[in-house]
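Report on the structure
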Amino acid sequence: RDTAEAAVPPESAVSGETRPLVGAKVAAPGAEPKKDAEQEASEEIARSDALLAAWGSQRTEAGAVEPFALTVQPLMGGADAALTLDGVTQDTSTQALKKRVQATHPKHPAPDAQRLTVQQGDTQVRLEDGELPLGAHGIGPEGHTTVNMAVQDAAEAAARREARAALRAARAGARAAA
């Protein structure tokens, strides 16, 4: 195709419609443009801080360290594929949970390849920040006792994790210098 032909919008395009480029491809209608890593890390840290503060006001020492059984339900494979992890506590970090899943799951998925979520209303809430304790997500004997697991791009998840760690380190350094 020549450049004049390539410049004609596809028939499926709505008049006046613009779509952001995502990874050098036109995004799906209504898709949000990708945020830069630092902005995404900052937003995730803010969400984590808010969850941690809310949980901290309700957390009890006895409840936070009381062990319970947590079911990890892969989204593929049916009920037979579920893992039950005994001895999990509300103080268990998301990263520690992912390491236990890696050790226990027959396919040993790397922590960064695991997309763990809990159902809250109509929304699947991602357990993204490895530093956040499970109790901050409402996981525990009095709350969620099942976590859903899907596969995610491990390299992208590692980049998000590293961006959060770098931003936390930079913020800690700035506080120490002040």
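In this numbering scheme, every chain counts its residues from 1 along its sequence in written order. Note on the predicted model: pLDDT of at least 70 is required for a residue's local features to be given, and 80 or more for side-chain atom pairs to be given and counted; whole-chain, interface and lining totals, by contrast, use all residues. Processing note: side-chain calculations cover all non-hydrogen atoms of the structure and skip hydrogens and water entirely.

Describing the overall build of the protein
- Check the secondary structure of the protein and you find five helices and seven strands.
- Ordered by position in the sequence, the α and β elements of the protein form the string α-β-β-α-α-β-β-α-β-β-β-α.
- Relative accessibility decides the category of a residue: with a 1.4 Å probe and only protein chains considered, values under 20% of the type maximum give buried, values over 50% give exposed, and everything between is partly exposed. The burial tally for the protein puts 30% of its 178 residues in the buried class.
- Whether two residues are in contact is decided by their heavy atoms, any of which lying within 4.5 Å being enough. When contacts within the protein are restricted to residue pairs at least 6 apart in sequence, long-range pairs at least 24 apart make up 59% of them.
- Throughout, the Shrake-Rupley method with a 1.4 Å probe supplies accessible areas, and for residues the shown protein chains are the sole cover considered. For the protein, the computed accessible surface area is about 10900 Å², with 55% contributed by carbon and sulfur atoms. Put simply, DSSP H or I for four residues or longer makes a helix, DSSP E for two residues or longer makes a strand, and each gets a number counted from the N terminus.

A short note on the environment of W55
- Residue position: W55 is located in helix α2 (residues 37-58).
- W55 gets classed as buried once you look at its relative accessible area, which sits at 9%.
- Between the C-alpha atom of W55 and that of A136, which follows or precedes it by 81 residues, the distance is 5.0 Å.
- Every residue in contact with W55, bar those within four places of it in the chain, is listed here: A64, Q90, D91, P133, G135 and A136.

Digging into empty space enclosed by the protein
- Both site types are read off a 1 Å grid over the protein atoms alone. A 1.4 Å probe that fits but cannot get out defines a cavity, while an open set with protein on both sides within 12 Å along at least five of seven lines defines a pocket; lining residues have an atom within 4 Å of a point. Grid points are joined across faces, edges and corners, and a volume is the space filled by probe spheres set on the points. Inspection of the entire model under this criterion finds two cavities of 30 Å³ or more.
- Reported here for the largest cavity is a volume of approximately 70 Å³.
- As for the largest cavity, its lining consists of Q95, K98, D112, E128, G130, Q152, A157, R160, R161 and R164.
- Elements with a contribution of two residues or more to the lining of the largest cavity: α4 (94-104) and α5 (154-177).
- Here the element with the most residues in the lining of the largest cavity is α5; it accounts for four residues.
- Per-class residue counts for the lining of the largest cavity are one nonpolar, three polar and six charged. Basically, the charged four are Asp, Glu, Lys and Arg, the nonpolar ten are Ala, Val, Leu, Ile, Met, Phe, Trp, Tyr, Cys and Pro, and anything else, Gly included, counts as polar.

Remarks on the nonpolar core
- Of all hydrophobic cores here, the largest spans 15 residues; its most connected members are L70, L97, V101, L134 and I139.
- Among the secondary structure elements, those contributing two or more residues to this core are β3 (68-74), β4 (83-88), α4, β5 (114-120) and β7 (146-151).
- Among residues more than four places away in sequence, those in contact with L70 are L83, T84, L85, V88, L97, L134, I139, H144, T145, T146 and V147. Nonpolar cores are built from buried Ala, Val, Leu, Ile, Met, Phe, Trp, Tyr and Cys residues. Side-chain atoms within 4.5 Å join them into one set.

Considerations on the sheet that holds β3
- At least two DSSP bridges between two strands are required for those strands to pair. A sheet is described by the order of its strands in space; here five strands give the open sequence β4-β3-β7-β5-β6, paired in mixed fashion. Of all strands in the sheet, those with a lone pairing partner are β4 and β6 (123-126), marking the two edges. The mean inter-strand angle of the sheet, taken between neighbouring strand axes irrespective of direction, is 35°.
- Relative to β7, β3 runs parallel, the two sharing four bridges. Within β7, the residue paired with V72 across the bridge is V147. Every axis corresponds to a line fitted to the C-alpha atoms, with the helix fit spanning only the stretch in contact, and the corresponding angles, defined between N-to-C directions, vary from 0 to 180 degrees.

Describing α4
- Taken residue by residue, α4 has T94, L97, K98 and V101 as its buried positions. Seen end-on, α4 carries its buried residues on one side only, within an arc spanning 100°. Across α4 from its buried face, at more than 90 degrees, point the exposed residues K99 and A103.
- Buried positions along α4 lie against β3, β4, β5 and β7. Each C-beta atom gives one direction from the helix axis, and the arc is the one those directions make.

Brief notes about the side chain of T117
- Among the structural elements, T117 can be located in strand β5.
- When sequence neighbours within four positions are dropped, the list of residues in contact with T117 reads Q124, V125, R126, L127, V147 and N148.

Purely geometric numbers; function is a separate question.
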